[in-house]
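Structural overview
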Amino acid sequence: MTESLWELLLRSLLPIVGGALTGTIPLALLSFALGLVIALGVALMRLSRIRVVSGLARGYISIIRGTPLLVQLFVIFYGLPSIGIIVDPWPSAIIAFSLNVGGYAAEVIRAAILSVPKGQWEAGYTIGMSRGQTLVRVILPQAARVSVPPLSNTFISLVKDTSLASLILVTELFRQAQQIAAFSQEFMALYIEAAVVYWVICLVLSSAQSVLEKRLDRYVAH
């Protein structure tokens, strides 16, 4: 008996959601976490008074922002083997997404740090803190509140961008939908179903963003 379209969608929902839970979400979380570490380092380099250090950071940001994410992904997965460096699909995706997040989030973090009044630095020095202690204990908590909305948007965009990993054979949400669609030939229905799952994930993340903003609001200097 031929399977109906609704039966197909119900049967495919579990594998697609499973692809999100075991592929899309972990890939996005790990890449975002590593990307933030890169971004903080690059942001501090941009703020450096040493021109060479600041220039290197500018160059990195310019390259990342000036080239498509898909090209960056292909350079790592398909390009590096031509010079003898072979990277598996998952690490390739993590490297590409982390570097991409680092390039975009660096300017967000830099702007957030600069938005903190200079008096906060002086207050830290007054009570005997070093520059590093003032940065970590006084400046970054306040900068975090400012940077939450743009960084949250970056993470939500990253979740959607992970679909590009399907092009290098990473099994995540969209690749699961592709495989089922190829077998059933119901491309429109399966791709719409995948889009709905992405949409629901983004709704949940947007709600989490609002909660996080409220919790961080207490760190803002008024």
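Residues numbered from 1 in each chain as written. Predicted model: local features only at pLDDT ≥ 70, side-chain atom pairs only at ≥ 80, totals over all residues. Heavy atoms only, no water.

Per an unreviewed UniProt entry, the recorded name for the protein chain is Amino acid ABC transporter permease, and the organism is Agreia bicolorata. According to the UniProt record, the Subcellular location (unreviewed entry) comment for the protein chain is "Cell membrane". Recorded in UniProt under Sequence similarities (unreviewed entry), the annotation for the protein chain is "Belongs to the binding-protein-dependent transport system permease family." (UniProt positions renumbered as here; feature names shortened; annotations may be inferred.)

1. As for the environment of Glu172
Relative to the helices and strands, Glu172 is located in the loop between helix H6 (131-161) and helix H7 (173-184). Along the chain, Glu172 and Gln142 lie 30 residues apart, while their C-alpha atoms are 35 Å from each other. Residues in contact with Glu172, not counting those within four places in the same chain, are Gly19, Gly23, Thr24, Thr162, Ser163, Ser166 and Tyr198. (Helix = DSSP H or I, 4+ residues; strand = E, 2+ residues; numbered from the N terminus. Contact = heavy atoms within 4.5 Å.)

2. What to know about the environment of Leu29
The topology assignment puts Leu29 in helix H1 (residues 5-46). A relative accessible area of 48% means that Leu29 is categorised as partly exposed. Residues Leu29 and Ser98, 69 residues apart in the sequence, show an inter-C-alpha distance of 9.9 Å. (Buried < 20%, exposed > 50% of the residue type's maximum accessible area, 1.4 Å probe, protein only.)

3. As for the UniProt feature "domain: ABC transmembrane type-1" (unreviewed entry) in the protein chain
According to UniProt, the feature "domain: ABC transmembrane type-1" (unreviewed entry) maps to residues 21-209 in the numbering used here. In residues 21-209, helix accounts for 82% and strand for 0%; the two terminal C-alpha atoms are 19 Å from one another.

4. As for the UniProt feature "transmembrane region" (unreviewed entry) in the protein chain
UniProt's entry tags residues 20-45, 66-87 and 188-208 with the feature "transmembrane region" (unreviewed entry), counted in the numbering of this structure. Between the first and last C-alpha atoms of residues 66-87 the distance is 24 Å; the span itself is 55% helix and 0% strand. Within the segment residues 188-208, helix and strand shares are 100% and 0% respectively, and the terminal C-alpha atoms sit 30 Å apart.

5. Quick look at the pattern of salt bridges
All told, the structure shown has 2 salt bridges when counted by the stated rule. Here Arg110 ties to Glu107 by a salt bridge, and the two come within 3.1 Å at their closest N and O atoms. Separated by 3 residues within a single helix, Arg110 and Glu107 lie in helix H4 (residues 89-115), roughly one turn from each other. (Salt bridge = Lys/Arg side-chain N within 4 Å of Asp/Glu carboxyl O.)

6. Thoughts on the packing of aromatic side chains
Aromatic ring pairs are described here by two measures, namely the spacing of the ring centres and the angle between the planes. In this structure the tally under the stated criterion is 5 aromatic pairs. Each ring, one from Phe74 and one from Tyr78, has its centre 5.0 Å from the other, and the planes form 70°; the classification is edge-to-face. With a gap of 4 residues between them, Phe74 and Tyr78 both fall in helix H3 (residues 69-79), about one helical turn apart. Relative accessible area serves as the criterion here: at 44%, Tyr78 is assigned to the partly exposed category. When the centroid spacing of 5.4 Å and the interplanar angle of 35° are considered together, the rings of Phe174 and Tyr191 count as tilted. In this pair, Phe174 sits in helix H7 while Tyr191 sits in helix H8 (residues 187-216), placing the two residues 17 residues apart along the sequence. Overall, Tyr191 belongs to the partly exposed group, its relative accessible area being 32%. (Phe/Tyr/Trp six-rings, centres within 6.5 Å; stacked < 30°, edge-to-face > 60°.)

7. Focus on the packing of H1 against helix H2 (residues 51-66)
It is the contact of H1 with H2, at a shortest axis distance of 7 Å, that shows an interaxial angle of 130°. Viewed along their axes, H1 and H2 adopt a mutual orientation that is oblique. Note on packing geometry: the crossing formed by H1 with H2 is left-handed. Of H2, the residues touching H1 (which contributes Ile38, Val42, Met45 and Arg46) are Val53, Ser54, Leu56, Ala57, Arg58, Tyr60 and Ile61. Residue composition of the contact of H1 with H2, by class: 8 nonpolar, 1 polar and 2 charged. (Axes fitted to C-alpha atoms, helices over the stretch in contact; angles between N-to-C directions. Parallel < 35°, antiparallel > 145°, perpendicular 65-115°, else oblique. Left-handed = near helix turned anticlockwise from the far one by under 90°. Nonpolar A, V, L, I, M, F, W, Y, C, P; charged D, E, K, R; others polar.)

8. Description of the nonpolar core
Counting 49 residues, the largest nonpolar core has Ile16, Leu27, Ala93, Phe97, Ile139, Leu158 and Leu173 as its most contacted members. Mapped onto this core, the elements with two or more residues apiece are H1, H2, H3, H4, H6, H7 and H8. The biggest single contributor to this core is H4, with 11 residues. With near-sequence residues (within four places) excluded, Ile16 lies in contact with Leu173, Gln176, Ala177, Ile180, Leu190, Glu193 and Val197. (Core = buried A, V, L, I, M, F, W, Y, C linked by side-chain atoms within 4.5 Å.)

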